[in-house]
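Letter by letter, the chains look like this.
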Amino acid sequence: MKRITQEVNDFINRSVDSHVRVAVTGLSRAGKTAFISSLVNQLLHTSTHDNLPLLVAARDNRLIGAKREPQSNMMVPRFAYDEAMDSLFSEPAQWPKPTRDVSEIRLALKYKPNKGAKKLFKSSATLHIDIIDYPGEWLLDLPLLELDFFQWSQTQFAAMKGVRGDLAGDWLSHAKQLDLNTEVDEKQLGHLSELYTQYLYQCKEAGLHWVQPGRFVLPGELEGAPVLQFFPCQFDVNQKVVKGSNLAMLKARYEEYQQKVVKAFYKHHFSTFDRQIVLVDCLQPLNAGYESFHDMRDALEQIMHSFRYGRSNVLKRLFSPRIDKVLFAATKADHVTPEQHPNLVSLLQQMVHPAWQNASYENIEMSCMTMASIQATKTGFIGQGEQAFPAIQGTTLAGEPMTVFPGEVPKRLPNQHYWLKQGFEFTAFRPQSAKLDDPQPHIRMDKALEFLIGDKLI
Amino acid sequence: MSQTSETNLKQKQVFKEELSDEKPPTQDELTVQVQFTPHDQFIPAAVDDAVSEQQAEQQIEQVIRPKSGSRWLAAGLFTTFTGLITWQAIDTVMVAWQTSDWLALGWAGFLATIASLGIGAIGKELWKLRRLRNHFSVQEQSETLIASNRIGQGKAFCESIATRSGVVMQSPSFERWLNSVQPTHSDAEVLDMYDAMVIAEQDKKATKIVSQHATESAALVAISPLAVADMFLVAWRNFKMIDNLAEVYGIELGYWSRVNLFKATLVNMAVAGASELAVDASMDLLSMDLAGKVSARAGQGLGVGILTARLGLKAMSLLRPIPWQKERRVQLGSIRKQIVEKIAAITVK
């Protein structure tokens, strides 16, 4: 009964446009958890602090306050906000732990409407915001829904060139010995899957992002289950699959993975979004190299195919929600000096260019910006006579205080030779130790919020 | 991308010195730009940049400002005139002195005193005219700042605007803005916040003035029995309104600058976008029709009131240091409502 009441409430809220589901998208280590923690943190502090000057509703003092609400989906764990805050407030401050499972959080935002029917009837209105956190690795599985085993195998083999080709060598030589048409050999399949998983891990370590299937590297509760024991293989698509053979088994497992794991994940969490923010860490691929940048670019493009975009209206919002606003954000803007932000935006535009083209066909609103969910450094200048150097100051992950000009961000991606000569070296910082009861320092979190939910707060 | 531009990318550099919050004041804005120009030259402009700039331009309202034409001719004529006058004056005084014509000398002294007063007045006028022109160039500067995506100049620019337009530095709105600005904000964001926090306060006062004057002139026309008197009254009220508005935005007006401003306001009204006019006019007609049923005079009053309001709003957009952001513009609709209420209160028995 309680559940039905909840659903009816949600339905009503959606029909009067006071419910918004925000998709926080990003590959692993892009800063999803930090973004969500910061978002919740900033909004919870709006009643007492003037911390979001670029969010119009907050600037005009129309935001009354925010609170966390029990979420609608009881089967999903709650987003570990308190734990994230604990690690940020610990001494020394730590980044929140990377996500290993799906979690959800719901916020209620009370505000004074300033126009329309809501103003006529009520002095205050409430906006409900649903946010879902999940491991970025799993997101990479979504494109699998459209591929059958043969197609998927082909894309995997096609990708094995360059760095990947080197890493895959060991697995390839073992995989060649497997006869696909003989009786199922569980042990051999298990061994080869393990080798394949290792190859995926190595790809991740080399700074590559296009790692499929994502559950192999982050299995969650599926650890060791046979559904995770398959790998791509080369075979003739027209050839008849022998019943009970290795190939038949691999194919069955792939399909099971596709249907039970990926589809379930997609259906439960990904089919009903209104707004999307795509977090991109542009600095990590610069550190890693040319291939890493293009790998991330391809991965982002693939992911964007899995979302539904289009203009929204009342009926669509209720029965077939789609994303009508997408924000591409270059995270970790605090790791470079402020005058590099325009360059970072330009680089981000290059990074998301294929994804942008894909989504822009649907005539939706899109934007690019730089931001830092939680600002880890202080910006300033090092005075050296007439020439003042811009610099940032923070504590490195190793715990050493550092004042540094991290180097220039290129406007466009330099060609491959650049990395052979000098390359980039952006240092990672740990969060600043914040005062209790104060909101976390941020860069342009308010502008991102204005873009994502600003139009729902009028 | 050429090889040379890549090698120009600056490398990581670790410092041992203390970090200072503020840039040292010596040529602060200049150094940043000088460092980057050689690098910028090599990079082909991204297509997306152009798009975003276009959008930024569409976001802010276009204002037509009086252009300062070539003043070489005027200046030449003026110098010749002053030269001749001085020559003539010296000549007259010399002759009078030599011929001991004390009466002529007395007259010359008297005229010179009057002339110097006049010159003083003209100088003051010119000075104020210059100030107004300066204001328009500030407006243009802010437009370019909003359109460019740079960092580091917004704060200094807004502070100069604040001193220029007489914003009290200790006022809560200015302090709030000062506290909100972070070194990581881009110029456009800093200006946006200044617009929404500090200028919004001035806007509130200005809107009050506009609606007050609009209702007043509407009421004047609605109750005055003599049509000619109406016209003078309304003209006088409108001049007074623009005066008050200029005061709110901290711009001193002299006679000529006032006329100049009034002219610019009229020009802006004349070329207001067709769609804007169409919407406004239809609404105006509707409300006039409504009041017209009460009495023809009230209808006239309403029309004049709305005209005054529109004049006031256009003057506001000329007087603001930063052009309007579309979503923050004061709409005619809100003022119209007040006028209708006032007129209804006067005429409906």
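Rules used throughout
Residues numbered from 1 in each chain as written. Chains lettered and ligands numbered in written order. Predicted model: local features only at pLDDT ≥ 70, side-chain atom pairs only at ≥ 80, totals over all residues. Heavy atoms only, no water. Helix = DSSP H or I, 4+ residues; strand = E, 2+ residues; numbered from the N terminus. Rg over C-alpha atoms; globule rule 2.2 N^0.38 Å. Buried < 20%, exposed > 50% of the residue type's maximum accessible area, 1.4 Å probe, protein only. Areas by Shrake-Rupley, 256 points an atom, 1.4 Å probe, with all protein chains shown as cover. Lys, Arg positive; Asp, Glu negative; His and termini not counted. Charge placed at Lys NZ, Arg CZ, Asp CG, Glu CD. Contact = heavy atoms within 4.5 Å. Axes fitted to C-alpha atoms, helices over the stretch in contact; angles between N-to-C directions. Parallel < 35°, antiparallel > 145°, perpendicular 65-115°, else oblique. Left-handed = near helix turned anticlockwise from the far one by under 90°. Nonpolar A, V, L, I, M, F, W, Y, C, P; charged D, E, K, R; others polar. 1 Å grid on protein atoms, 1.4 Å probe; cavity = no way out; pocket = protein on both sides within 12 Å on 5 of 7 lines; lining within 4 Å. Points joined across faces, edges and corners; volume = space filled by probe spheres on them. Phe/Tyr/Trp six-rings, centres within 6.5 Å; stacked < 30°, edge-to-face > 60°. Pairing = 2+ DSSP bridges. pLDDT = per-residue confidence, 0-100. Expected span 1.5 Å × (residues − 1). Bend = angle between axes of the 7 residues up to and from the residue. Salt bridge = Lys/Arg side-chain N within 4 Å of Asp/Glu carboxyl O. Patch = residues over 30% accessible without salt bridge, like charges linked within 9 Å, V, L, I, M, F, W, Y side chains within 5 Å.

A. Representation of the overall build of chain A within the structure. Broken down by element type, chain A carries 18 helices and 11 strands. In terms of overall size, chain A behaves like a compact globule, its C-alpha atoms giving a radius of gyration of 24 Å where 458 residues would be expected to give roughly 23 Å. Oriented by its inertia axes, the alpha-carbon framework of chain A measures out at about 70 × 70 × 45 Å. Taking all 458 residues of chain A together, the buried fraction comes to 58%. As displayed, chain A offers around 19,500 Å² of accessible surface, 52% of which is attributable to carbon and sulfur atoms. Taken together, the 51 basic and 51 acidic charged side chains of chain A have centroids lying 8 Å from each other.

B. Region of interest: the overall build of chain B. A tally of regular secondary structure across chain B gives 13 helices and 1 strand. Going from N to C terminus, chain B has its helices and strands arranged as α-β-α-α-α-α-α-α-α-α-α-α-α-α. When burial is assessed residue by residue, chain B has 38% of its 349 residues classed as buried. Long-range pairs, those at least 24 residues apart, make up 78% of the contacts in chain B between residues at least 6 apart in sequence. On chain B, roughly 20,000 Å² of surface is accessible, and the fraction owed to carbon and sulfur atoms is 65%.

C. Representation of the packing of helix α5 (residues 102-147) of chain B against helix α6 (residues 154-164) of chain B. All names here are of chain B. Look at α5 against α6: their axes get within 12 Å of each other, and the N-to-C directions meet at 155°. Viewed along their axes, α5 and α6 adopt a mutual orientation that is roughly antiparallel. Of the two elements, α5 crosses α6, and the hand of that crossing is left-handed. Listed contacts from α6 to R131, N134, V138, Q141, S142 and L145 of α5 are F157, I161 and R164. Residues belonging to the contact of α5 with α6 are distributed by class as follows: 4 nonpolar, 3 polar and 2 charged.

D. Looking closely at the layout of surface pockets. Residues and elements named next belong to chain A. Approximately 990 Å³ is the volume attributed to the second largest pocket. Looking at the second largest pocket, it is lined by 40 residues, and the ones nearest its centre are R29, A30, G31, D281 and K332. Looking at the lining of the second largest pocket, the elements with two or more residues in it are α2 (32-44), α6 (136-139) and α12 (283-288). Of the residues that constitute the lining of the second largest pocket, the class distribution is 18 nonpolar, 13 polar and 9 charged.

E. Main features of empty space enclosed by the protein. Residues and elements named next belong to chain B. A full pass over the atoms with the stated rule returns 5 cavities of 30 Å³ or more. Here the largest cavity is characterised by a volume of approximately 110 Å³. Contributing to the lining of the largest cavity are R131, H135, V138, I161, R164, S165, Y249, G250, I251 and P321. Of all the elements in the fold, those that place two or more residues in the lining of the largest cavity are α5 and α6. Considering each element in turn, the lining of the largest cavity owes the most residues, 3 residues, to α5. Taken together, the residues of the lining of the largest cavity sort by class into 5 nonpolar, 3 polar and 2 charged.

F. Examining the packing of aromatic side chains more closely. Residue and element names in this part refer to chain A. Overall, the coordinates contain 29 aromatic pairs over all chains when judged by the stated rule. Between F230 and Y254 the ring centres are 5.8 Å apart and the planes differ by 85°, which places this aromatic pair in the edge-to-face class. With F230 in the loop between α10 (214-217) and α11 (246-269) and Y254 in helix α11, the pair connects residues that are 24 residues apart, well separated along the chain. Exposure class is identical for F230 and Y254. Each is buried.

G. Up close: unusual backbone geometry. All names here are of chain A. Note that the residue after E91, namely P92, is joined by a cis bond; omega there is -5°. Its place among the elements puts P92 in the loop between α4 (81-89) and β3 (103-111). A cis amide bond, omega -5°, links Q212 with the succeeding residue P213. Structurally, P213 is set in the loop between α9 (186-205) and α10. Look at N61: it is not a glycine, yet its phi comes out positive at around 60°. In this structure, N363 is a non-glycine residue whose phi angle is positive, near 60°. Summarising the element assignment, N363 is placed in the loop between α16 (353-360) and β7 (365-370).

H. Layout of the sheet that holds strand β5 (residues 275-280) of chain A. All names here are of chain A. The sheet built from 7 strands is open, its strands ordered β2-β3-β4-β1-β5-β6-β7 with mixed pairing. Of all the strands in the sheet, the pair left with one neighbour each is β2 (63-69) and β7. Neighbouring strand axes in the sheet, compared pairwise and without regard to direction, differ in orientation by 20° on average.

I. Expanded view of the confidence of the model for chain B. All names here are of chain B. Scored by pLDDT, chain B has a mean of 77; 76% of the residues are at 70 or more. Across residues 1-7, where pLDDT falls below 50, the model places 18 contacts with residues more than four positions away in sequence or in other chains. Segment residues 25-54: pLDDT under 50, and 33 contacts once partners within four positions in sequence are set aside and those in other chains are kept. Here the complex is predicted with pTM 0.81, and the ipTM for its interfaces comes to 0.81.

J. Helix α15 (residues 341-351) of chain A, seen in detail. In terms of burial, α15 of chain A is a largely internal element, 11 of the 11 residues being buried. Residues of α15 of chain A that are buried: H341, P342, N343, L344, V345, S346, L347, L348, Q349, Q350 and M351 of chain A.

K. Summary view of helix α8 (residues 187-223) of chain B. Residues and elements named next belong to chain B. With 37 residues, α8 should reach 54 Å at 1.5 Å per residue; the first-to-last C-alpha distance of 50 Å fits that figure. Where α8 bends most, at I199, the angle is about 45°. Burial analysis of α8 places 27 of its 37 residues in the buried class, which makes it a mostly covered element.

L. Up close: the pattern of salt bridges. Residues and elements named next belong to chain B. One pass over the full model with this rule turns up 21 salt bridges over all chains. Of the charged contacts in the structure, one is a salt bridge between E216 and R237, with a shortest N-O distance of 2.4 Å. Here the residue E216 occupies a position in helix α8, and R237 occupies one in helix α9 (residues 227-248), the gap between them amounting to 21 residues. Judged by its relative accessible area of 29%, E216 is partly exposed. The class for R237 is buried, based on a relative accessible area of 12%. Between R258 and D243 there is a salt bridge whose closest N-O contact spans 2.6 Å. Of this pair, R258 sits in helix α10 (residues 255-270) while D243 sits in helix α9; the two residues are 15 residues apart in sequence, bridging distant segments of the chain.

M. Expanded view of a nonpolar patch on the surface. All names here are of chain B. On the surface, a nonpolar cluster with roughly 580 Å² of combined accessible area is contributed by L103, W107, F110, L111 and I114. Residue placement: L103 occurs in helix α5. Given the relative accessible area of 64%, L103 is considered exposed.

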